[in-house]
Amino acid sequence: MLPPDDFINVAPSSVAERERRENIHPEGWRNPAPAVCYNLVVIGAGTAGLVAAHAAAALGAKVALIERHLLGGDCLNVGCVPSKSIIRTSRLYAEMRHATQYGAQIPGDIRVDFPAVMQRMRGIRARISRADSVRRLTEAGVDVFFGTACFSEAAAVTVDGATLRFKKAMIATGSRPDTPSIPGLVEAGFLTNENIFDLTELPRRLLVIGGGPLGCELAQAFSRFGSKIIIAQDWPLFLPREERDAAQILSDAFARDGIEVRLNTRVVNVRAEGGQKLVDLVSEDHESTVEVDAILTGTGRVPNVDGLNLEAAGVEYDDTDGIRVDDFLQTTNPRIYAAGDACLEDKFTHTADASARIVVRNALFLGRQRLSALTIPWCTYTDPEIAHVGLYVRQAHNQDLSVKTFTIPMHDVDRAIADGEETGFVKIHVKEGTDRILGATIVARHAGEMINEVTLAMVAGTGLRTLVRVIHSYPTQGEAIKKAADAYNRSRLTPFMKNLMRKWLSWQRGGDGPSQTPPSAT
Ligand SMILES: Cc1cc2nc3c(=O)[nH]c(=O)nc-3n(C[C@H](O)[C@H](O)[C@H](O)COP(=O)(O)OP(=O)(O)OC[C@H]3O[C@@H](n4cnc5c(N)ncnc54)[C@H](O)[C@@H]3O)c2cc1C
């Protein structure tokens, strides 16, 4: 985490940045006098903390929210919001380069205005920061404290010299980028999600270490802005969690974007020389050195558990997996719960949100909601996007479930053809012999939007038989899901039924022979 003084590495005259700061960490803020006792003290004001604080206060609880840096946490400041903003512009540049395919002419060269891209992103971030603002919290009745929280005992936390006593507390301290231990990396300097959005100049050559979602999204965006990108991934594949055909489609898209992907490749040394960085790579038995202007690391996340004095509160934790919680999100101290990246394997904004809602119900209202009952989709916002929900085939097999899969290529979907967005597929897995959806993977330009329909069906217990009856507007890319349901329906037609129907229709048109009685199937 960058210290607060390094808050924003742009001209202080930026109106957008001044608005953001005013919203999420106003200058001269004075913490309130603590209440005698809080129903809920929330540590960390990222998505999980904000959702819990607002929800609990709306239900009448006395709530304190403690944030050491910026309200909104990673998602607003250095995660989803800035990344999706620049990805939007990068897609536009990619489309402009292929304008002639759409019958459009772009006069002259397409010149990327990187400072303008980043300025647009800052404007969006400032606008969205209004929803996470101090003002909204205080209007909702939440006591907002800026400072680093630290447990002093099992039912008290200290911040900025004040002691806050609580009936219940929630730890929502999030996560930070993992720094790979590569000799010379720290000395040479590198980018993470915490400082890449402060760039005012486009790196001409960028090495991305790590082929996970963060590395893939930003690699493609920066490539489309004009950076020469190399992705180094020490595994034999990237997006290791996704199905292979999905990752392969992305691999092909990266090749079209001119991104160099080096799999099975380790970064073994970095040194700064003459204004550039020389990076030694080892790919199986082959050694090479690449020269780049900047290095972005995307090698995973580490939960923020240090400095909280969790021992004093009797809360068990692990430096890698974070706060130890049970299925009700309760820690080893029954008064204290956790939510979001600090304790979850699935580190997403929507899981931070959903887990915070579980905590409010379980901690304050004797709820028994389980984390394991959630159906969690996710999406990697590359082009095409890769979205998933539920089980992968390998997971279903591990659970001894037989799977039948219905796949619709996007090039069979009229709207995808009309949009020139034919790359990808919708793949829905059902339990063999039933229409129960076990999981789905969608690779498509708008897969993140499309997966929501499948998630809804799974949560509502709606199988493919019902999806067959859902009329989808024509032409939409979501029709691919309807087509998968149609394919399921067709698979129900047994040879016996087909035979019966054939004979029935033949009889209706007067028959192929002399018989005038309705047919039997035999
Ligand atoms: C580049 C990038 C892109 C992403 N894109 C997406 C996306 O498109 N979709 C998606 O779903 N997810 C995305 N994510 C993940 C998402 O940002 C996180 O899962 C989400 O922000 C987690 O929320 P949280 O509340 O658990 O933690 P955070 O947002 O990390 O908030 C934790 C807060 O706790 C504060 N804190 C920590 N320790 C203390 C302490 N001792 N005292 C007081 N305060 C403390 C921190 O300052 C921070 O503000 C992305 C992440 C990155 C890095």
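What counts and how
- Residues numbered from 1 in each chain as written.
- Predicted model: local features only at pLDDT ≥ 70, side-chain atom pairs only at ≥ 80, totals over all residues.
- Heavy atoms only, no water.
- Near = heavy atom within 4 Å.
- Polar contact = N/O pair within 3.5 Å; in protein donor to acceptor, adjacent residues only side chain to side chain.
- Areas by Shrake-Rupley, 256 points an atom, 1.4 Å probe, with all protein chains shown as cover.
- Helix = DSSP H or I, 4+ residues; strand = E, 2+ residues; numbered from the N terminus.
- Nonpolar A, V, L, I, M, F, W, Y, C, P; charged D, E, K, R; others polar.
- Phe/Tyr/Trp six-rings, centres within 6.5 Å; stacked < 30°, edge-to-face > 60°.
- Buried < 20%, exposed > 50% of the residue type's maximum accessible area, 1.4 Å probe, protein only.
- Axes fitted to C-alpha atoms, helices over the stretch in contact; angles between N-to-C directions.
- Parallel < 35°, antiparallel > 145°, perpendicular 65-115°, else oblique.
- Left-handed = near helix turned anticlockwise from the far one by under 90°.
- Contact = heavy atoms within 4.5 Å.
- Patch = residues over 30% accessible without salt bridge, like charges linked within 9 Å, V, L, I, M, F, W, Y side chains within 5 Å.
- Salt bridge = Lys/Arg side-chain N within 4 Å of Asp/Glu carboxyl O.
- Lys, Arg positive; Asp, Glu negative; His and termini not counted.
- Charge placed at Lys NZ, Arg CZ, Asp CG, Glu CD.
- pLDDT = per-residue confidence, 0-100.
- Pairing = 2+ DSSP bridges.

Quick word on the site of the ligand
Reasoning step 1: In the neighbourhood of the ligand, 38 residues make up the surrounding shell, with E67, D74, K84, D341 and T349 lying closest.
Reasoning step 2: Note that an oxygen atom of the ligand is positioned 3.1 Å from one of the backbone N or O atoms of T47.
Reasoning step 3: Within the side chain of E67, a nitrogen or oxygen atom sits 2.6 Å from an oxygen atom of the ligand.
Reasoning step 4: Here the ligand, which alone exposes 1000 Å², has 93% of that area covered by the protein.
Reasoning step 5: Of all elements in the fold, only α2 (47–58), β2 (63–67), α3 (73–78), α4 (80–97) and α11 (349–364) reach the threshold of two or more residues within the shell around the ligand.
Reasoning step 6: By residue number, the principal contributor to the shell around the ligand is α3, which donates 4 residues.
Reasoning step 7: Split by residue class, the shell around the ligand holds 15 nonpolar, 16 polar and 7 charged.

Let's talk about the packing of aromatic side chains
Reasoning step 1: Enumeration over the complete set of coordinates arrives at 11 aromatic pairs.
Reasoning step 2: For the pair Y93 and F225, a centre-to-centre distance of 6.2 Å together with 90° between the ring planes defines the contact as edge-to-face. With Y93 in helix α4 and F225 in helix α8 (residues 213–225), this residue pair connects regions lying 132 residues apart in the sequence. Grouping residues by exposure puts Y93 and F225 together as buried.
Reasoning step 3: For the pair F406 and Y488, a centre-to-centre distance of 5.8 Å together with 85° between the ring planes defines the contact as edge-to-face. Taken together, the residues span a long stretch of sequence, with F406 in strand β21 (residues 403–409) and Y488 in helix α16 (residues 479–491) at a distance of 82 residues. Comparing F406 with Y488 shows no difference in burial state: the two are buried.

Looking at the packing of α8 against helix α9 (residues 244–257)
Reasoning step 1: Between α8 and α9, the least distance of the axes is 10 Å, while the angle of their chain directions is 25°. In this view, α8 runs roughly parallel relative to α9, as classed from their interaxial angle. Viewed along their axes, α8 and α9 form a crossing whose handedness is left-handed. When α8 is examined against α9, the residues C216, Q220, S223 and R224 are found in contact with a partner set consisting of L250, F254 and D257.
Reasoning step 2: Among the residues making up the contact of α8 with α9, the classes are represented as 3 nonpolar, 2 polar and 2 charged.

Focus: a negative patch on the surface
Reasoning step 1: Negative charge collects at one region of the surface, where D318, D319, D321 and E345 lie side by side.
Reasoning step 2: If you trace the backbone, D321 turns up in the loop between β16 (317–318) and β17 (322–323).
Reasoning step 3: The exposure class of D321 is exposed, given its relative accessible area of 54%.

Notes on the confidence of the model for the protein chain
Reasoning step 1: Overall, the predicted model of the protein chain reaches an average pLDDT of 94, with 96% of residues at or above 70.
Reasoning step 2: In the model, residues 1–10 has pLDDT below 50 throughout and makes 20 contacts with residues more than four positions away in sequence or in other chains.

Some thoughts on the environment of R205
Reasoning step 1: Its place among the elements puts R205 in strand β8 (residues 205–209).
Reasoning step 2: Linking R205 and F222, residues 17 residues apart in sequence, is a C-alpha distance of 9.6 Å.
Reasoning step 3: Setting aside residues no more than four positions away along its own chain, R205 makes contact with K228, Q276, E291, V292, D293 and A294.
Reasoning step 4: At 2.9 Å, the side chain of R205 and the side chain of Q276 are in polar contact.

Here we look at the pattern of salt bridges
Reasoning step 1: If you walk through the whole model with that rule in mind, you get 27 salt bridges.
Reasoning step 2: Among the salt bridges present, the one from E260 reaches R262, with a minimum N-O distance of 2.8 Å.
Reasoning step 3: Among the ionic pairs, D353 bridges to R357, the shortest N-O distance being 2.5 Å. Of this pair, D353 and R357 are both found in helix α11, 4 residues apart, which corresponds to roughly one turn of the helix.
Reasoning step 4: For D353, a relative accessible area of 21% translates into the label partly exposed.
Reasoning step 5: Through salt bridges with shared partners, a single network forms among E95, R224, D257, D383, E421 and R445.

A few points about a nonpolar patch on the surface
Reasoning step 1: A cluster of nonpolar side chains, L493, F496, M497 and M501, forms an exposed patch at the surface whose accessible area comes to about 350 Å².
Reasoning step 2: Inspection of the secondary structure assignment puts L493 in the loop between α16 and α17 (495–508).

Section: the sheet that holds strand β12 (residues 276–283)
Reasoning step 1: Taken in spatial order, the 3 strands of this open sheet run β11-β12-β13, and their pairing is antiparallel. The outermost strands of the open sheet, each flanked by one partner alone, are β11 (265–273) and β13 (286–292). Each neighbouring strand pair of the sheet contributes to a mean axis angle of 20°, computed without reference to strand direction.
Reasoning step 2: Pairing of β12 with β13 involves 7 bridges; the strand directions are antiparallel. Note on β13: the bridge partner recorded for D280 is T289.

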